[in-house]
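# Close look at the chain arrangement
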Amino acid sequence: ETAVFQTPNYHVTQVGNEVSFNCKQTLGHDTMYWYKQDSKKLLKIMFSYNNKQLIVNETVPRRFSPQSSDKAHLNLRIKSVEPEDSAVYLCASSSGTAETLYFGSGTRLTVL
Amino acid sequence: QQKVQQSPESLSVPEGGMASLNCTSSDRNFQYFWWYRQHSGEGPKALMSIFSDGDKKEGRFTAHLNKASLHVSLHIRDSQPSDSALYFCAASEPRGSNAKLTFGKGTKLSVKS
């Protein structure tokens, strides 16, 4: 049963454009995340958001920014996309740190 | 350096066979472990977690953790074609503000009918 919803499923865009991805969870969890899965299927955490505290992975370029209106929503904005941003972006939630993650089905971004 | 290492990279077993996947952490702070499974076109889904030494069984899946060696394994009994997927091991420090999951590179399992 899907409880973490991501939109859109796919997005194709040109280099330099701005894109935004949406994520909503209906599990009542306090913590949400964005992960990037590259073409080799490696999963790398980008951001975690808990009780309005944002924890950023220091390797994430500044053109990426998370946006949260409440604890059930965590969106991702990318200003001026680059070809290396092509990947699947996975949203996840958990009831706290060091807890099981529940993932959405992902947004596949292709940058031409 | 990859803190969570998985082996093998890929594995093929016959339907009804046993699949064994391995995972080792190089960080002694990692005490909690999970196994996730990802089918093509979907997000990863947690199979099971294991936090204590020994075995944990859930249906056809058995995880084994040895904290002294920071090694965790997953054994799938009576493998089915639907078990064909990418399997990730993930590890974390115990609960705290820095406790986030670190994933291995995955093991691709193919179950041949």
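These notes cover the structure that comes with them. Each chain has its residues counted from 1, following the order in which its sequence is written. The naming scheme follows written order: chains are lettered A onward, ligands numbered 1 onward. Residues qualify for local features only when their pLDDT is at least 70, as the model is predicted, and side-chain atom pairs are given and counted only at 80 or more; totals for whole chains, interfaces and linings, by contrast, use all residues. As a rule here, side-chain values come from all non-hydrogen atoms in the structure, and water together with hydrogens is ignored.

### Let's talk about the side chain of Ser79 of chain B
All names here are of chain B. The secondary structure listing takes helices from DSSP runs of H or I that are at least 4 residues long and strands from runs of E that are at least 2 residues long, numbered from the N terminus. Relative to the assigned elements, Ser79 resides in the loop between β8 (71–76) and β9 (85–92). The buried label applies to any residue whose accessible area, calculated with a 1.4 Å probe on protein chains only, is under 20% of its type's maximum; exposed applies above 50%, and partly exposed to all values in between. On the accessibility criterion, Ser79 (0% relative accessible area) is buried. Not counting chain neighbours up to four residues away, the residues in contact with Ser79 comprise Val13, Pro14, Glu15, Gly16, Gly17, Met18, Ala19, Arg60 and Val111. The criterion used for residue contact is that any of the two residues' heavy atoms lie within 4.5 Å.

### Some thoughts on the sheet that holds strand β1 (residues 4–7) of chain B
All names here are of chain B. Pairs of strands are assigned from DSSP output, requiring at least two bridges between the strands. Here we have 5 strands laid out as an open sheet, ordered β1-β3-β8-β7-β6, and antiparallel in their pairing. Edge positions in the open sheet fall to β1 and β6 (54–58), since each of these has one partner strand only. Direction aside, neighbouring strands of the sheet carry axes that sit 15° apart on average. Across 6 bridges, strand β7 (residues 61–66) lies against β8 in antiparallel orientation. In the sheet register, Ala63 faces β8, and the bridge partner there is Leu74. What counts as an axis is a line fitted to C-alpha atoms, over the stretch in contact for a helix, and the angles between N-to-C directions run from 0 to 180 degrees.

### A look at the interface of chain B and chain A
Facing 22 residues of chain B, the contacting portion of chain A comprises 16 residues. As a working definition, buried area equals the accessible area (1.4 Å probe) given up by two parts on being put together, with both sides summed. Interface area, chain B with chain A, both sides summed: about 1,500 Å², of which 60% is carbon and sulfur. Looking only at chain B, the three residues that lose the most surface to chain A are Pro44, Arg95 and Phe103 of chain B, adding up to 28% of its buried area. We count a salt bridge whenever a side-chain nitrogen from Lys or Arg sits within 4 Å of a carboxyl oxygen from Asp or Glu. There are 0 salt bridges connecting chain B and chain A. As used in this structure description, the phrase polar contact means that two N or O atoms lie within 3.5 Å; if the pair is within protein, one of them must be able to donate a hydrogen and the other to accept it, and residues adjacent in sequence are counted only when both atoms belong to side chains. Along the contact surface separating chain B from chain A lie 4 residue pairs in polar contact (both at pLDDT 80 or more). At the level of secondary structure, the elements contributing two or more residues to the side of chain B that touches chain A comprise β4 (32–38) and β9 of chain B. In terms of residue count, β4 of chain B provides more of the side of chain B that touches chain A than any other element does, 4 residues in total. When residues are sorted by character, Ala, Val, Leu, Ile, Met, Phe, Trp, Tyr, Cys and Pro go into the nonpolar class, Asp, Glu, Lys and Arg into the charged class, and all the rest, Gly among them, into the polar class. Looking at the side of chain B that touches chain A residue by residue, the classes come out as 11 nonpolar, 6 polar and 5 charged.

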